[in-house]
Amino acid sequence: MSGQNNKGTAVVTGASSGIGAVYADRLAGQGYDLVLVARRADRLEELAGKLRAEYGRKVGVISADLADDNDVRRVEQAIAADDSVTLLVNNAGLGGAQVVATADADVAERMIKVNVVALTRLTRAVLPGLLSRNRGAIVNIASVLAFDTSFGGIYSGTKAYVVNFTEALQREVAGTGVRAQVVLPGATRTEFWKLAGSDIDSLPKEIIMTADDLVDAALVGLARGEAVTAPALADAAKLDIFLGARQALYGSLHADKPAARYAA
């Protein structure tokens, strides 16, 4: 089957569970071969075996800690050299409601390395190849907390970076056969919450989405060419209003002199 309806190879980070594992399943079902990246080699191998058996796809695995510089470079080299790559899903991420004053500096650094540095380096690794082949997409998983700091400024800051980075990337690839999408999950039932030291069941159940529903919606958004996909947002006009207001504000931030309200 792997030669039929092949859409190329999708690289999925954080693929051993949760959102990443669902992406791997759905993309294999759509006709992609896969390269799965995560720390837990046993889970990766288990998932890879299941996907090979169910979908007949080629599935490679790379066990790597994306907070480790050497591991990131190893993944970079592997995916940059793979001419079959047509899709990168930057899903791997670390969370936590750390307050800056009491945050463990090493924990904060790991979060930034995974959420920001690895995402940037892996995007940079595949983008030249995608552009040269004029085909493919990069999907970056951000968070609705990119627009809210109640979960802590470190995590929120990393996800705000992902949104801005992807928006700039969209401008960069405009007019080519390459697309860039940023996905904004809200509360999603995965292991992420436990690993971040939070209890998702403390939230109202009506705002908690399953990983399956989230990924299915995100893939519909990708197929429709959405630049920003917010699966829980019922009124898409609200996003347009928000983005438009932000752009209007930006246009008001330039002048040759300080505003009169700052006069002594």
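Description of the structure in this document.

The rules behind these values
Residues numbered from 1 in each chain as written. Predicted model: local features only at pLDDT ≥ 70, side-chain atom pairs only at ≥ 80, totals over all residues. Heavy atoms only, no water. Pairing = 2+ DSSP bridges. Helix = DSSP H or I, 4+ residues; strand = E, 2+ residues; numbered from the N terminus. Contact = heavy atoms within 4.5 Å. Axes fitted to C-alpha atoms, helices over the stretch in contact; angles between N-to-C directions. Core = buried A, V, L, I, M, F, W, Y, C linked by side-chain atoms within 4.5 Å. Buried < 20%, exposed > 50% of the residue type's maximum accessible area, 1.4 Å probe, protein only. 1 Å grid on protein atoms, 1.4 Å probe; cavity = no way out; pocket = protein on both sides within 12 Å on 5 of 7 lines; lining within 4 Å. Points joined across faces, edges and corners; volume = space filled by probe spheres on them. Phe/Tyr/Trp six-rings, centres within 6.5 Å; stacked < 30°, edge-to-face > 60°.

Things to note about the sheet that holds strand β1 (residues 9–13)
Step number 1: Pairing is parallel across the open sheet formed by seven strands, whose spatial order is β3-β2-β1-β4-β5-β6-β9. Each of the sheet's edge strands pairs with one partner strand only, and the pair in question is β3 (59–63) and β9 (228–229).
Step number 2: Sheet analysis places strand β6 (residues 178–183) next to β9, joined by two bridges and oriented parallel. Bridge pairing in β9 places V183 opposite T229.
Step number 3: Across the face of the sheet, helix α1 (residues 18–30) comes into contact with β1, β2 (33–38), β4 (85–90), β5 (136–141) and β6 while running at roughly 170° to β1.
Step number 4: In this fold helix α5 (residues 153–173) packs onto β5 and β6, with an angle of close to 160° to the strand it touches most, β6.

Quick word on the nonpolar core
Step number 1: Y23, L27, L34, L36 and L51 are the most contacted members of the largest nonpolar core, which has 32 residues in total.
Step number 2: Breaking this core down by element, the ones donating at least two residues are β1, α1, β2, α2 (41–55), β4, β5 and α7 (211–223).
Step number 3: With seven residues, the single largest contributor to this core is α1.
Step number 4: When sequence neighbours within four positions are dropped, the list of residues in contact with L51 reads A24, D25, A28, L34, L36, G56, R57 and V59.

A word on empty space enclosed by the protein
Over the atoms rolls a probe the size of a water molecule, and its path tells where empty space is left.
Step number 1: Enumeration over the complete set of coordinates arrives at one cavity of 30 Å³ or more.
Step number 2: Of the pockets and cavities examined, the largest cavity occupies roughly 40 Å³.
Step number 3: Along its surface, the largest cavity is lined by T13, L66, N90, N91, A92, V114, A118, L119 and L122.
Step number 4: Per-element tally for the lining of the largest cavity: the top contributor is helix α4 (residues 105–133), with four residues.

Section: the packing of aromatic side chains
Step number 1: Summed over the entire model, instances satisfying the criterion amount to two aromatic pairs.
Step number 2: An angle of 65° between the planes, with centres 5.0 Å apart, marks the rings of F147 and F242 as edge-to-face. You can see F147 sitting in the loop between β5 and α5 and its partner F242 sitting in helix α8 (residues 236–251), a full 95 residues away along the chain.
Step number 3: Assessed through its relative accessible area of 41%, F147 is described here as partly exposed.

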